[in-house]
Amino acid sequence: MSHRTSALDAVVFGVDVQSGDVRGDAPSYALCVFDGESIERDVVSYRKLRRLIVDREPAMVATDNMYELAENKDALIALLGDLPDGTRLVQVTGDEQPEPLSRVAKRHGVPYGKDPMQEAEAAARLAARNVGYEVSAFTDTTEVKVARGRSTGKGGWSEDRYTRKIHGSVKRRSREVESELDDAALEYEKDVTEKYGGFSNAIFRVSGRPEDIPVGRERSGDVRIEIERERRDGIEFHPLVKRRDHVLVGIDPGTTTAVAVVGLDGEVLDVLSTRTADTAAVIEWIVERGRPILVAADVTPMPETVEKIRRSFDAAPWTPTSDLPVDTKQHRTREEGYDNDHERDAMAAALSAFDEREDQFRRIARKVPPEFDRGEVTARVVTGEESVETVLEDLTEPDEAETEETEHTPRELTDEEKRIRDLERQVERLQSHVDQLEDTVDEKDDRIEELEGELSEARREERREARERREVTRLQRKNERLEREIEELEDDNEALEGKLDRLKELWKLDHSNFADVSAKKKDLVPIKPVETFTTNALEAAHENYGLAEDDVIFLRDASGAGRSTAERLVDVDPRVVLKAGGDLSDVADEILFEHEIPVGPAADVRMQEVDELAVARETDVEAVIEDWHERAEERRKEQNAEMVDQIISEHRVRDDEAGASGL
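Predicted, not measured: the structure shown is a model, and the values here were computed from it. Per-chain numbering applies: the sequence of each chain, read as written, is numbered from 1 onward. Totals for whole chains, interfaces and linings use all residues, but because this is a predicted model, local features are given only for residues with pLDDT of at least 70 and pairs of side-chain atoms are given and counted only at 80 or more. Calculated side-chain values reflect all of the structure's heavy atoms, with hydrogen atoms and water omitted.

Within the protein chain one finds 17 helices and 21 strands. The buried share among the 663 residues of the protein chain stands at 36%. In this analysis, two residues are considered to be in contact whenever any of their non-hydrogen atoms come within 4.5 Å of each other. Look at the contacts in the protein chain between residues 6 or more apart in sequence, and 63% of them connect residues 24 or more apart. Secondary structure follows DSSP: runs of H or I at least 4 residues long count as helices, runs of E at least 2 residues long count as strands, and numbering of each begins at the N terminus. Each residue is assigned to one of three classes by its accessible area relative to the maximum for its type, calculated with a 1.4 Å probe on protein chains only: buried under 20%, partly exposed between the two thresholds, exposed over 50%.

Below, the structure written as structure tokens:
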């Protein structure tokens, strides 16, 4: 199978120097025009050659050395810029390190001769077969500029209207260009400069070559359109077709066919599994990915389908001595990615074949000089069972045409020209080294940026962990504090529960409904303590547990009360007042006595205090009240006797005063 696509339906110019030199005066060129069927031959001047290229717009201008058409790099870039949009300059002998034209022609079966016209024809035929490299100084980005076609002028009564008209025309044409680019589905970036009445210019950076753009250069009236490709930093070479390296192929046939492609270095390049593709489609998929020198299966003997594919490539076969075990295939493909067992089996077959041939590939690589294609030599050794030395000797065998002396002998360069050539080569080497260093710097910068990102991420992670640790510590401390508070609250709760129980008992005693109170508790009476016999103390006791009629009030300190305080206590109308310390003032004692409020010593009552409140036996309280009544009766008798004595005394005084006055 041929792995190249034909370009014979396009016109190709083959060019070679007939006489003279591009650095000298009036060089002439052998021109071969090849359209796939017929050949036109002519000898033309450099100027006529350039004119023919512009007029006929060939698909390619092919030569064995690009510097036969330009004296230096700048001139070459200028030549590339002047080529028609659809024309490419092709160097058929290679890129930066070209091969002899005779060797390339022989390798591809193209007739060759040392005559300049024969070399021009060989270059044209090779380019028509897509052999060679396109010489490029421009990217695939094209700048389309829509701008003013004339000046807006200076002054004048109609200058504003004239300027607005021009800018409006530019804006309208810019929109038309944008619409055409959208219709062609081209990607672009737009940069517009707005001016009075419209646009002064609009620049479109289009991803495509000029021949792909549906807009051409024009200049009509108020608007002009300029088209210019974006320049590269230097000269680049692009193969006319993608190179296909030599590879090893592993195939697992069946309802699901799997194919694995492995390079000569043991790297898995691609893998496929399909249930729909036939053998022809599988072969086409392999062709797009390389040139097989060995086809392998994971079972022995080789299945018929695999053998058919192998014969189509004329590749060497490989099968294991016995069917590969599943664990062996799993181990060999453990570092590779696959979607199913069929892909795994295909990769295992190709990788096992590589393992067996790896030493042979290394020996071949050590023996092949840099100027030879290692893959080509390896393929001939593996498939043709030739020795490396035999293959290298065959590839280096000089052509008879190279040994023949013809009139087409390059002239001897002058010292100055040699110096220029050497300096140009040195500049190219230095530029290449600079490019490599710049690539290295870019890689280092990318790596630094990547590491800085990782460092920033690590720092963010560390800060986050530190915040988490601080938060955990804070929560632990808060938890410990809350646990201590809970313990304290539990203690308080227990105390309050006991207090509540006691208050419930007191509440039962403080109410008239004693139906649910036991007989034992009926002998108890609640007592409400008051710290001092003052108005504030009475109010505080009233707020805490209430002072009501018939309460038993306990004054811890009975001294210091005045009339208002005694009257405040009289308003409560207690059952009895017990006093522990201090003596009642005379006024307080008199007021309480007058209102028949019993007062007795607290020492006569056996009290049991419960927090702010207290309880005592009813019998003790009744005893104090009875004792007060007895004392009160005696006190009233004494008061009555004193009052009688006073009346008698006062009567005697009046009698004495009357007798004295009678005398």
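As a further point, take the environment of aspartate 373. Looking at the element boundaries, aspartate 373 is found in the loop between helix H9 (341-367) and helix H10 (374-384). Aspartate 373 gets classed as partly exposed once you look at its relative accessible area, which sits at 30%.

Salt bridge, as used here: a side-chain nitrogen of Lys or Arg that lies within 4 Å of a carboxyl oxygen of Asp or Glu. Taken as a whole and judged by the stated rule, the model has 44 salt bridges. Residues arginine 289 and glutamate 288 are paired through a salt bridge, measuring 3.3 Å at the closest nitrogen-oxygen approach. Residue arginine 289 is classed as partly exposed on the basis of its relative accessible area, which comes to 29%. Exposure remark for glutamate 288: the relative accessible area of 48% places this residue in the partly exposed category. The network of salt bridges with shared partners includes Asp298, Lys329, Asp341, Arg344 and Asp345.

So, about the packing of aromatic side chains. Aromatic rings from Phe, Tyr and Trp, taking only the six-membered ring of Trp, are treated as a pair when their centres fall within 6.5 Å; an angle between ring planes under 30 degrees marks them as stacked, one over 60 as edge-to-face, and anything in between as tilted. In this structure the tally under the stated criterion is four aromatic pairs. For the pair tyrosine 188 and phenylalanine 204, a centre-to-centre distance of 5.8 Å together with 70 degrees between the ring planes defines the contact as edge-to-face. Residue tyrosine 188 is found in strand E7 (residues 188-195), and its partner phenylalanine 204 is found in strand E8 (residues 198-207); the two are separated by 16 residues along the sequence. In this structure tyrosine 188 comes out as partly exposed when scored by relative accessible area, which is 23%. We classify phenylalanine 204 as buried; its relative accessible area is 0%. The cationic tip of arginine 125 hangs over the ring face of phenylalanine 34; the distance from NZ or CZ to the ring centre is 4.8 Å. Two limits define a charge over a ring: the Lys NZ or Arg CZ must be within 6 Å of the ring centre, and within 35 degrees of the ring normal.

Our focus in this paragraph is the side chain of glutamine 360. With respect to the element layout, glutamine 360 can be found in helix H9. A relative accessible area of 18% means that glutamine 360 is categorised as buried. We call two N or O atoms a polar contact when they sit within 3.5 Å, provided that within protein one can donate a hydrogen and the other can accept it, with sequence-adjacent residues counted only if both atoms are side-chain atoms. Side-chain polar atoms of glutamine 360 contact the side chain of arginine 357, separated by 3.0 Å. Not counting the four nearest positions on each side in its chain, glutamine 360 is found in contact with Val381 and Val382.

Further remarks concern the pairing of strand E17 (residues 552-557). Here, a strand pair is defined by DSSP locating no fewer than two bridges between the strands. Direction of pairing for strand E16 (residues 524-532) relative to E17: parallel, over a ladder of five bridges. For valine 530, the partnering residue across the bridge sits in E17 and is leucine 555. Viewed along the sheet, the connection from E16 through helix H14 (residues 535-545) into E17 turns out right-handed. Across five bridges, E17 lies against strand E18 (residues 576-581) in parallel orientation. Directly across from leucine 555, in E18, lies its bridge partner lysine 579. Considered for its hand, the β-α-β crossover made up of E17, helix H15 (residues 563-572) and E18 is right-handed. Note on handedness: a clockwise path from strand one over the helix to strand two, with the strands aimed away from the viewer, defines a right-handed crossover.

Quick look at a negative patch on the surface now. Distance thresholds for patches are 9 Å for like charges and 5 Å for nonpolar side chains (Val, Leu, Ile, Met, Phe, Trp, Tyr), applied to residues having over 30% relative accessible area and no salt bridge. Only the protein chains shown count as covering a residue, and every accessible area follows the Shrake-Rupley method with a 1.4 Å probe. Counted as positive: Lys and Arg. Counted as negative: Asp and Glu, with His and the chain ends omitted from the count. Charge positions come from single atoms, namely NZ of Lys, CZ of Arg, CG of Asp or CD of Glu. Together, Asp233, Asp435, Glu438, Asp439, Asp442, Glu443, Asp445, Asp446, Glu449 and Glu452 make up a negatively charged patch on the protein surface. Examining the composition of the negative patch, we find that nine residues originate from one element, helix H13 (residues 415-509), more than from any other. Assignment of secondary structure puts aspartate 435 in helix H13.

Ordered by their spatial adjacency, five strands build an open sheet running E13-E12-E11-E14-E15, and the pairing between neighbours is mixed. In the strand order of this sheet, the two ends are held by strand E13 (268-274) and strand E15 (316-318), each with one partner. Across the sheet, the mean angle from the axis of one strand to that of its neighbour is 25 degrees, orientation sign disregarded. Sheet topology places strand E12 (residues 257-263) next to E13; six bridges connect them, and they run antiparallel. For valine 259, the partnering residue across the bridge sits in E13 and is leucine 272. Fitted lines through C-alpha atoms give the axes, limited to the stretch in contact for helices. The angle between two N-to-C directions lies from 0 to 180 degrees. Lying on the sheet, H9 is in contact with strand E11 (246-252), E12, E13, strand E14 (291-296) and E15; it crosses E11 at an angle near 140 degrees. Against the sheet, H10 makes contact with E11, E14 and E15, and its axis sits at roughly 40 degrees relative to E14, the strand it touches most.

This paragraph deals with a positive patch on the surface. On the surface, Arg459, Arg463, Arg467, Arg469 and Arg470 cluster together into a positively charged patch. For arginine 469, the location among the structural elements is in helix H13.

So, about the environment of glutamate 376. Its place among the elements puts glutamate 376 in helix H10. Distance in space between the C-alpha atoms of glutamate 376 and aspartate 245 is 8.7 Å, their sequence separation being 131 residues.

For any two helices packed against each other, the geometry comes down to the angle between their axes and how far apart the axes lie. Where H9 meets H10, the axes come as close as 10 Å, and the angle between the chain directions of the two elements is 125 degrees. Our classification of the angle between H9 and H10 gives oblique. Every pair of crossing elements has a handedness; the one defined by H9 and H10 is right-handed. Here Arg357, Gln360, Phe361, Ile364 and Ala365 of H9 lie close against H10, whose contacting residues are Arg374, Val377, Thr378, Val381 and Val382. Of the residues in the contact of H9 with H10, the class split is six nonpolar, two polar and two charged. With respect to orientation, any angle under 35 degrees is reported as roughly parallel, any angle over 145 as roughly antiparallel, any angle of 65 to 115 as roughly perpendicular, and every other angle as oblique. Put simply, a crossing is left-handed when the front helix is turned counterclockwise from the back one by less than a right angle, and right-handed when it is turned clockwise. Only Asp, Glu, Lys and Arg are considered charged in this grouping, and only Ala, Val, Leu, Ile, Met, Phe, Trp, Tyr, Cys and Pro are considered nonpolar; every other residue, Gly among them, is considered polar.

Multiply 1.5 Å by the residue count of a helix minus one, and that product is the helix's expected span. Over its 27 residues, H9 runs 38 Å from end to end, which matches the ideal 39 Å to within 8%, given 1.5 Å per residue. We define the bend at each residue as the angle formed by axes fitted to the 7 residues ending at it and the 7 residues starting at it. Remark: the principal bend of H9, roughly 55 degrees, maps to arginine 357. Measuring from the side-chain oxygen of the N-cap residue of H9 to the backbone nitrogen of histidine 342 gives 3.1 Å; that N-cap residue is asparagine 340.

On to helix H11 (residues 388-395). The complete set of buried residues in H11 reads Val388, Val391 and Leu392. Projection of H11 onto a plane perpendicular to its axis shows the buried side chains occupying an angular sector of 95 degrees, all on one side. Of all possible arcs, the one meant is that of the directions from the helix axis to the C-beta atoms.

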